[in-house]
Amino acid sequence: MNLRALAAKVVFQVLEKGISLSVALPDQQRHLESGKDKALLAELSYGVMRHLPQLDKQVSDCISKPLKGKQRIVHQLLLVGCYQLYFTRIPSHAAISETAEACRQLKFEGMVKVVNGVLRNIQRQEKPLSTDNDTLAHNTPAWIIKRLKAAYPDNWQHVIEQSHQRPPMWLRNNQQSQTRDEYLTALTDANVEATAGSSNDAILLTSPRDVMQLPGFETGAASVQDGAAQWAATLLAPQGEERVLDACAAPGGKTCHLLELAPNIKLVAVDNDAKRLERVQQNLDRLSLEAELIHGDAANIDSWWQGDKFDRILLDAPCSATGVIRRHPDIKWLRKNNDIEELASLQSQIFDHCWQWLKPGGTLLYATCSILPQENKDQVSAFLQRTPDATLVPITQQANPSDIGWQILPGQENMDGFYYARLVKD
Ligand SMILES: C[S@@+](CC[C@H](N)C(=O)[O-])C[C@H]1O[C@@H](n2cnc3c(N)ncnc32)[C@H](O)[C@@H]1O
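Residues numbered from 1 in each chain as written. Predicted model: local features only at pLDDT ≥ 70, side-chain atom pairs only at ≥ 80, totals over all residues. Heavy atoms only, no water.

- Per an unreviewed UniProt entry, the recorded name for the protein chain is 16S rRNA (cytosine(967)-C(5))-methyltransferase, and the organism is Shewanella youngdeokensis.
- What the UniProt record of the protein chain gives under Catalytic activity (unreviewed entry) is the line "cytidine(967) in 16S rRNA + S-adenosyl-L-methionine = 5-methylcytidine(967) in 16S rRNA + S-adenosyl-L-homocysteine + H(+)".
- Under the UniProt heading Sequence similarities (unreviewed entry), the note attached to the protein chain is "Belongs to the class I-like SAM-binding methyltransferase superfamily. RsmB/NOP family." (UniProt positions renumbered as here; feature names shortened; annotations may be inferred.)

The following block contains the structure:
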């Protein structure tokens, strides 16, 4: 099937069915043979997600009657067409004819002329994309803008701008295989340009690569993980044969890092999503690591754990993922304003419950990939208020030692947006 038709299907799956881009895209990429075509499909799908309000406005302004019901996919195809005209170097005549052909393949023969006409109109008018309101100017829903304005009154625009950048590719060196310097040398020898990041194992690639081009990837010499996410294991700092709980573990990036840092710990990795838990096992297998995997609820540990309390707990809580919009632009359209209060309530339940399973003197690291205070500093602040045996231990990297936790903003040192707070039990 024509690549534009596949792109329209991806956009349709995300916007109409609420399926995430990371599931919908690979599902359609399967139908393409060449790496180049797969990359173009990704570019068109991600591009539409990044610029949705502006593309939507342009298309809606050029169409006489809104496309509804079954015809919605033709609207999504027009977004794909419009994206090509504004944001790619594909010659307009090719973009338009390929998109019209896609309409035929999607079995909307009768609308081929409409698609052709709308796209030709957009091309002829050469109208700049609208910036008439905040949503259009920032390609971000109003509720996110409102929350970011409140949280970051001086730099909310910068935060949004960074959330629209193309994210770099980060690697995590496997300390059990070689030192980071040795791996950097191996990368240079393989003609892969890279630099060291601020945490111990982090490596930033100058440009993204297929993992199969990375030396020793298949045998576990390195893993793909953002620089911000790599701080989790370092900040929790597991030691010797400690008992460690990874409370929301899937797909297991941090689980594996904890074991690479301290291979003798007894690690219990839990997630309430059985399918995602399978990915933890796959990641452990590639790196030849072992952990006890449990399909269970981190807000009800008593129901699946009869063993000792834990020396350290990583609580990488389910969250809005507003810190990783640059990697997952569909988050802007899949998340809703009401989700934030619901997530905050779930986070506090899991937080309270995990705390009961921490030994006195033990450390809990609370983490999210959110940039909203409700899920981060407000959450930890409320926890400290209701938990007399909890003490916050400042993180050296915090801008201000008196801050509640360390908020990393998207783009800071090229990293994703992330939040960490480290607590010790009396
Ligand atoms: C931010 S992700 C974890 C990412 C993971 N730590 C990593 O580094 O690969 C949050 C995870 O929490 C899981 N989750 C959500 N609610 C949960 C609950 N009540 N108990 C256990 N896991 C839960 C989700 O399935 C999701 O996999």
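What about the packing of aromatic side chains?
Next up, step 1: Under the defined criterion, the tally for this structure stands at nine aromatic pairs.
Next up, step 2: Residues Trp231 and Trp406 carry aromatic rings whose centres are separated by 5.4 Å and whose planes lie at 80 degrees to one another, so their mutual orientation is edge-to-face. Separated by 175 residues along the polypeptide, Trp231 in helix 12 (residues 231–236) and Trp406 in strand 11 (residues 406–408) bring together distant segments of the chain. Note on accessibility: Trp231 and Trp406 belong to one class, buried.
Next up, step 3: Grouped by ring-pair contacts, the aromatic residues Phe351, Trp355, Tyr366, Phe383 and Tyr419 constitute a single cluster.
Next up, step 4: Over the face of the ring belonging to Trp156 we find Lys149, whose NZ or CZ atom lies 4.9 Å from the ring centre. (Phe/Tyr/Trp six-rings, centres within 6.5 Å; stacked < 30°, edge-to-face > 60°. Helix = DSSP H or I, 4+ residues; strand = E, 2+ residues; numbered from the N terminus. Buried < 20%, exposed > 50% of the residue type's maximum accessible area, 1.4 Å probe, protein only. Lys NZ or Arg CZ within 6 Å of the ring centre and 35° of its normal.)

A short note on the sheet that holds strand 3 (residues 202–205)
The strands that make up a sheet are held in pairs by hydrogen bonds between backbone atoms, and each pair lies either parallel or antiparallel.
Next up, step 1: Ordered by their spatial adjacency, four strands build an open sheet running 2-3-1-4, and the pairing between neighbours is antiparallel. In this open sheet, the two strands that pair with only one neighbour each are strand 2 (194–196) and strand 4 (222–224). Averaged over all pairs of adjacent strands, the angle between strand axes in this sheet comes to 30 degrees, irrespective of strand direction.
Next up, step 2: The pairing of strand 1 (residues 170–173) with strand 3 spans three bridges and is classified as antiparallel. Note that in strand 3 the partner of Leu171 across the bridge is Ile203.
Next up, step 3: Its contacts with the sheet put helix 11 (residues 180–189) on strand 1, strand 2, strand 3 and strand 4, and the angle it makes with strand 3 is roughly 20 degrees. (Pairing = 2+ DSSP bridges. Axes fitted to C-alpha atoms, helices over the stretch in contact; angles between N-to-C directions. Contact = heavy atoms within 4.5 Å.)

Focus: helix 4 (residues 52–62)
Next up, step 1: For helix 4, the full list of buried residues reads Leu52, Pro53, Gln54, Leu55, Gln58, Val59 and Cys62.
Next up, step 2: In this structure, the buried side of helix 4 is in contact with helix 1 (3–17), helix 3 (35–50), helix 5 (72–87), helix 7 (112–125), helix 8 (134–138) and helix 15 (331–334).

Some points on the site of the ligand
Next up, step 1: Close to the ligand lie 19 residues; Asp271, Arg276, Asp297, Ala298 and Asp316 are nearest.
Next up, step 2: Contacts to the ligand include Pro251, whose backbone N or O atom sits 3.3 Å from an oxygen atom.
Next up, step 3: A distance of 3.0 Å is found between an oxygen atom of the ligand and a backbone nitrogen or oxygen belonging to Gly252.
Next up, step 4: Protein contact buries 86% of the 610 Å² of open area that the ligand shows by itself.
Next up, step 5: Across the shell around the ligand, the residue classes break down as nine nonpolar, four polar and six charged. (Near = heavy atom within 4 Å. Polar contact = N/O pair within 3.5 Å; in protein donor to acceptor, adjacent residues only side chain to side chain. Areas by Shrake-Rupley, 256 points an atom, 1.4 Å probe, with all protein chains shown as cover. Nonpolar A, V, L, I, M, F, W, Y, C, P; charged D, E, K, R; others polar.)

Brief notes about the UniProt feature "active site" (unreviewed entry) in the protein chain
Next up, step 1: The positions that UniProt labels "active site" (unreviewed entry) are, in the present scheme, Cys369.
Next up, step 2: When you line up the elements, Cys369 lands in the loop between strand 9 (358–368) and helix 17 (377–386).
Next up, step 3: Ignoring anything within four residues of it in the chain, the contact list for Cys369 reads Cys319, Ala321, Thr322, Gly323, Val324, Gly417 and Phe418.

Details of the environment of Ala150
Next up, step 1: Counting through the fold element by element, Ala150 comes out in helix 9 (residues 142–151).
Next up, step 2: Taking C-alpha positions, Ala150 is 38 Å from Val268, a pair spaced 118 residues apart along the chain.

Some words on the side chain of Gln84
Next up, step 1: Within the secondary structure layout, Gln84 lies in helix 5.
Next up, step 2: A polar contact is formed between the side chain of Gln84 and the side chain of Arg4, at a distance of 2.9 Å.
Next up, step 3: Those residues in contact with Gln84 that lie beyond four places of it in its chain are Arg4, Leu44, Ile90, Ala95 and Thr99.

Observations concerning the pairing of strand 12 (residues 418–425)
Next up, step 1: Among the eight residues of strand 12, seven are classified as buried, and the element is accordingly described as predominantly covered.
Next up, step 2: When strand 9 meets strand 12, the two strands line up antiparallel, connected through six bridges. Bridge pairing in strand 12 links Leu365 to Arg422.
Next up, step 3: By the bridge criterion, three bridges tie strand 10 (residues 390–392) to strand 12 in an arrangement that is antiparallel. Paired with Thr391 across the strands is Val424, a residue of strand 12.
Next up, step 4: Pairing between strand 11 and strand 12: three bridges, direction antiparallel. For Ile408, the partnering residue across the bridge sits in strand 12 and is Phe418.

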